[in-house]
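Chains, contacts and geometry: an overview
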Amino acid sequence: VTNSCAVFFPCRCHHCPHLPTRPYEKSEKPCMLSEYRERYPPYPITLPRGLFKPKKAYKMAQIPMEGISTTKRDYIAHEVLPQKLKPPEKHVKSDESMDLTSTYKQDYNSYPIAQVSPCLPRVMRHIPSAKMDTRTTYEGDYMLWNEPKAELIRPNDRFHPSEEKFDHRTIVQDDYLYRGPVATQSCKPLNLVQKSKAPFENITNYRVNYVPHPLEKHYIHKYEKYKVNEVPFDGLTTHKVSYKGLAGQPAKLAKPCKLKLLHDLPFSSTTEFQEKYQAWPRPPVFTKKPDVYLPPLEKMDLHTTTQIHYKHPNGKPAKMCQTLAQLKISTEPFSSSSTMKEDYKPWLCKRLTPITCVPELTFPAKPMDFLTTFQTHYVPHPLTVTKSYKPGWSGPKHHTLLDAKTVYATSYTPKGIVRCLASYKHPPGYVFEGTDADGHNLYLPASMSECLQGGH
């Protein structure tokens, strides 16, 4: 079965709707052949060029590194003496008993406690049956190195507690002694309001002054019955009465005469531009083949400059050279005077009164009338009814019918639908050339086929 598809028709909207019919290839994908793909074929994609950036090689300094810092050079370690501690006083037990009562226990009595039921909704959780893999990516990828543990660089000043026993006595227990409960006198005033035994009067001003009145009957509107008008309807409007059609000749047709075609040949869809201006042949695009990648034969050295050059043979941990701050307690009284207090003393300034102008506006003695210029000058006047001076029409009535023929109805007639040339089994004006590998029929215009035969 061959697929009919006009390839060289200049309609520019033809697309093959059939499946390819090659003898050894069978696929259910539609054929992507179209006139656009025939005229504009895809071109190969060129790869980007390589980088020309120079390589940066690290140059190591040949001078050895000095192992002394500014802190080791400037700050010298001094002798630190131990701090003297004050010996604690001995604990002496008292024979008095402590009153464990409080105002909270006296005033607030305890009540039975009941357990409150939870108000939270029940949460349904899905517990999977499969076992969870608790191993993380850190444990799987990062392995431990066999290196010794680095020692901490800090001074050996561990805390040593005293061997004497602690008395467990606070400053409040030593200084503040319990004097016993103090009897206080209540300063609340007495309630001297006397309650009367007379009954309460429920009479108010609303009940005395506002007397209920009898309600009137609600007015109900009565609808009148519809009466049919006895005068017959004339069906006339102001347009029909006033504007009468004048007597005249009917309009003549202005349609030009249609010349009959002497030949029934199909219309040539080619233009002068398509015949004279043909597409130029394009030269092939120059593409450079990429170089084949060759892996290096040498193995990569994974050591860094820090691991190679900065090593510590016979190294020892550094000692703490910072001295502790020694506080010197002076017996002289503290002088609270400073250069700020001595040199910059407050001035005796007076508050300035604001400079206000004398009011020049005088208020009138008469009260304001609250009237605007629109209310005073623009007085409403009664409406004037204008009389219509339109003359009455007394001419005869014209009963001639209107001609429904217009220029559009006579000149613009509906034209038939032009049939596409690709739908013909043998399109008129085209000569069959041959079939494609995919089974498409190829056609050429009759003028081009005659020119090719004449050239051969």
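What you see is a predicted model, and the numbers here were worked out from it, not measured in a lab. (Residues numbered from 1 in each chain as written. Predicted model: local features only at pLDDT ≥ 70, side-chain atom pairs only at ≥ 80, totals over all residues. Heavy atoms only, no water.)

**Structural notes on the overall build of the protein chain**
Scanning the protein chain from N- to C-terminus turns up 13 helices and two strands. Here the protein chain, with 456 residues, has 5% of them falling under the buried criterion. Intrachain contacts of the protein chain at a sequence separation of at least 6 include 60% that bridge at least 24 residues. (Helix = DSSP H or I, 4+ residues; strand = E, 2+ residues; numbered from the N terminus. Buried < 20%, exposed > 50% of the residue type's maximum accessible area, 1.4 Å probe, protein only. Contact = heavy atoms within 4.5 Å.)

**A look at the pattern of salt bridges**
The full count for this structure, using the stated rule, is two salt bridges. For arginine 169, the salt bridge goes to aspartate 174, with nearest N and O atoms at 2.0 Å. The exposure class assigned to aspartate 174 is partly exposed, which follows from its relative accessible area of 36%. With its nearest N and O atoms 2.8 Å apart, the salt bridge here joins lysine 276 to glutamate 272. With lysine 276 and glutamate 272 both in helix α8 (residues 272-276) and four residues apart, this pair spans about one turn of that helix. Like glutamate 272, lysine 276 is exposed. (Salt bridge = Lys/Arg side-chain N within 4 Å of Asp/Glu carboxyl O.)

**Comments concerning unusual backbone geometry**
One non-glycine residue, phenylalanine 370, lies in the positive phi region at around 60°. Along the chain, phenylalanine 370 falls in the loop between α10 (339-343) and α11 (373-377). The class for phenylalanine 370 is exposed, based on a relative accessible area of 65%.

**Thoughts on the packing of aromatic side chains**
Within this structure, the stated rule accounts for four aromatic pairs. Arranged with centres 5.2 Å apart and planes meeting at 25°, the rings of phenylalanine 374 and tyrosine 378 form a pair that is stacked. (Phe/Tyr/Trp six-rings, centres within 6.5 Å; stacked < 30°, edge-to-face > 60°.)

**Some details on the pairing of strand β1 (residues 430-435)**
Across five bridges, β1 lies against strand β2 (residues 441-445) in antiparallel orientation. Within β2, the position partnered with phenylalanine 432 by the bridge is tyrosine 443. Hairpin connection from β1 to β2: five residues lie between these consecutive antiparallel strands, with glycine 439 at a positive phi of about 95°. (Pairing = 2+ DSSP bridges.)

**Some points on the environment of histidine 303**
Residue placement: histidine 303 occurs in the loop between α8 and α9 (305-309). Using a relative accessible area of 54% as the deciding quantity, one classes histidine 303 as exposed.

**Description of the confidence of the model for the protein chain**
Residue-level pLDDT values for the protein chain average 77, and 83% of them are 70 or greater. Looking across the protein chain, the model is least confident in helix α13 (residues 446-455), with a mean pLDDT of 70, and most confident in helix α6 (residues 205-209), with 86. Within the model, pLDDT remains below 50 along residues 1-12, and this stretch shows 37 contacts once partners closer than five positions in the same chain are excluded. (pLDDT = per-residue confidence, 0-100.)

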